[in-house]
Amino acid sequence: MRMSVFLMTMLLLCSGTAWGQSTNHVINFFDSAFLPTSLTIEAGDTVTWNHVAGTHLLTSGVPGGAPGTNDEPGLLFSAPIDSQNTSFTYTFSQQGTTIGFFDANNPSQIGSITVLDDTLVFDVGVVDNEYLPVVIEIFEGDSVRWVHEPMEMFHTVTSGIPGGEPGTIYEPGFLFDEESSDLNPIFQYNFDTPMDLPYFCVPHVQFGMVGEVIVQDRFIRGDADRDDTLTIGDAISILSYLFQGTATPECLDALDVVDDGTVNIGDAISLLGYLFSSAAAPVAPFPEEGPDRTADALLCR
Ligand SMILES: [Cu+2]
C-alpha cells in the first residue's frame, strides 16, 4: 500500500513536466499595449508576437540596456509589427535566463520572457529498508531528493562503498553522508558532473541496502563522435559501430538520431538526410546539448 502511494506520487510528479515537445506561445499587440506582458517558457519554445492594432517595433532587450548583453536593444531581435508585418516568431534556447522586450515606438511598453532551465529533481524513496528505485538515471545538473517515509526506521544516505578507495567517489562519505530519519526526512543533492555513484546505508548495508545514481553526460543528438558538430563523420561513426565492430560508444544516446530507443541504420540514414537533403533535424537535445528525457535503455556516459 505504501509502495503504491509512493509510485503514484512519482507518476504525478513526472507527469507535471512536458518533455521533449516545444510549445508556441502567443503575445498580441494591441494599439497601446501587448498582452501578456510576461511569459515563462521552456528552452526550445517559440514565442509569436501578433498584430492586432497599431504600429509597433518589437525590440529585444530593455530601453537603454547594456551593450553586449541580452539587455542591449535589438541584439537578439528587432521586427516591425504592423498591418503589413502581422507576426514575428523567435525561438528561445537560452536556458535559465530572462530576456526583455519592448515596443521601440512606445518604449513604456516593456515585457519579458523567462526561459526555465531544463534540470529536474528526482525522488528516491527511503522505505521498507530499501532505496526506491535502487538505480536512478539522471543527467548532469539534475538533483536527487531522498525522501524518508514516515515511521520508517533510521537510515543513512552515504556516498561510496564500504572500504572504498580513499580520495575517490567510492570512499564512504566522500560526497555526502546524511541521516535519513523522521528528524531529517529529506536530503537533496545536486549532481553537476557525470559519474556512476554507488551509495549505501551504514546500518543496513550488510542487509543489502545499497543504491546507485547514474549521472549521464549532456549530449547533442546525432553527435556520435562527440566533437560538438554534426558532420558526415558522425554518420560514419554510427555505421562503424553497427557494421564494423568498433568499440561500443560511451554515449549511445547520441547515436539514436530518431530517438526510438535503439541504434540502427535508420539513424545513420536520418542523419545523412538532415546533412545533405534537408530532411528533418534530429529531435532534442539539438542543436544545443542537453538531457534526453524520453525513457529508453540508452545511456550517455
Ligand atoms: Cu538503513
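Residues numbered from 1 in each chain as written. Predicted model: local features only at pLDDT ≥ 70, side-chain atom pairs only at ≥ 80, totals over all residues.

**A word on the overall build of the protein chain**
And step 1. If you tally the helices and strands in the protein chain, you get 4 helices and 18 strands.
And step 2. Each principal axis of the C-alpha atoms in the protein chain carries an extent, and together these give about 75 × 55 × 40 Å.
And step 3. Buried residues in the protein chain amount to 27% of all 301 residues.
And step 4. Of all intrachain contacts in the protein chain linking residues separated by at least 6 positions in sequence, the fraction that spans at least 24 positions is 56%. (Helix = DSSP H or I, 4+ residues; strand = E, 2+ residues; numbered from the N terminus. Buried ≥ 20, exposed ≤ 12 C-beta atoms within 10 Å, placed from the backbone. Contact = placed C-beta atoms within 7 Å.)

**Quick word on the sheet that holds strand β4 (residues 46–51)**
And step 1. Strand order in the open sheet formed by 4 strands is β2-β1-β4-β7, and the pairing between neighbours is mixed. With one partner strand each, in any of the chains shown, β2 (34–35) and β7 (87–91) form the two edges of the open sheet.
And step 2. Where strand β1 (residues 24–29) and β4 come together, 6 bridges link them in parallel fashion. Considered in β4, the bridge of Val26 is made with Thr48. (Pairing = 2+ DSSP bridges.)

**Considering the nonpolar core**
And step 1. Within the largest apolar cluster, 15 residues are counted, with the highest numbers of intra-cluster contacts made by Val47, Trp49, Phe92, Phe101 and Ile113.
And step 2. For this core, the secondary structure elements donating two or more residues are β1, β4, β8 (97–103) and β9 (110–116).
And step 3. Contact partners of Phe92, with chain neighbours within four places excluded, come to Ile41, Ala43, Asp45, Val47, Ile99, Ile113 and Val115. (Core = buried A, V, L, I, M, F, W, Y, C linked by C-beta atoms within 7 Å.)

**Regarding the pairing of strand β16 (residues 186–190)**
And step 1. With respect to burial, β16 is a largely exposed element, only 0 of its 5 residues being buried.
And step 2. Alignment of strand β13 (residues 143–148) against β16, held across 5 bridges, turns out to be antiparallel. Each bridged residue has a counterpart across the sheet, and for Val144 the counterpart in β16 is Tyr189.

**As for the pairing of β13**
And step 1. Of the two faces of β13, only the one carrying Val144, Trp146 and His148 is buried; Ser143, Arg145 and Val147 on the other face are not.
And step 2. Sheet analysis places strand β10 (residues 121–127) next to β13, joined by 6 bridges and oriented parallel. Within β13, the position partnered with Asp123 by the bridge is Arg145.

**Description of unusual backbone geometry**
And step 1. Omega for the bond connecting Leu132 with Pro133 falls within 30 degrees of zero, at 0 degrees, which places this linkage in the cis form.
And step 2. Going from Ala284 to Pro285, the amide bond is cis rather than trans, its omega being 0 degrees.
And step 3. Summarising the element assignment, Pro285 is placed in the segment after α4 (265–276).
And step 4. Even without a glycine there, the phi angle at Arg226 is positive, about 55 degrees.
And step 5. With 16 C-beta atoms counted inside 10 Å, the residue Arg226 sits in the partly exposed group.
And step 6. The phi angle at Asp259 is positive, at roughly 55 degrees, despite the residue not being glycine.
And step 7. Inspection of the secondary structure puts Asp259 in the loop between α3 (252–255) and α4.

**A word on the sheet that holds β9**
And step 1. Sheet architecture is open: 5 strands sit in the order β3-β9-β8-β5-β6, paired in mixed fashion. This sheet does not close on itself; its edge strands, each paired only once, are β3 (38–42) and β6 (78–81). The mean inter-strand angle of the sheet, taken between neighbouring strand axes irrespective of direction, is 20 degrees.
And step 2. In terms of strand pairing, strand β5 (residues 56–60) meets β6 through 4 bridges, oriented antiparallel. The residue bridging Thr59 from the neighbouring strand is Ser78, located in β6. (Axes fitted to C-alpha atoms, helices over the stretch in contact; angles between N-to-C directions.)

**Quick notes on α4**
And step 1. An ideal rise of 1.5 Å per residue puts 16 Å on 12 residues; α4 measures up with 16 Å between its terminal C-alpha atoms.
And step 2. Along α4, the residues that are buried comprise Asp267, Ala268, Ser270 and Leu271. In an axial view of α4, the angular spread of the buried residues amounts to 165 degrees, which keeps them on one side of the axis. With respect to the buried face of α4, the exposed residues turned more than 90 degrees away are Ile265 and Phe276.
And step 3. In this structure, the buried residues of α4 make contact with α2 (232–243) and α3.
And step 4. Just beyond α4, the residue with positive phi is Ser278, at close to 50 degrees. (Expected span 1.5 Å × (residues − 1). Arc of directions from axis to C-beta.)

**Examining the environment of Trp146**
And step 1. Mapped onto the elements of the fold, Trp146 is located in strand β13.
And step 2. The spacing of Trp146 and His51 is 95 residues in sequence and 49 Å in space, taken between C-alpha atoms.
And step 3. Aside from chain neighbours lying at most four places away, what touches Trp146 is Val124, Val126, Val157, Ser180 and Phe187.

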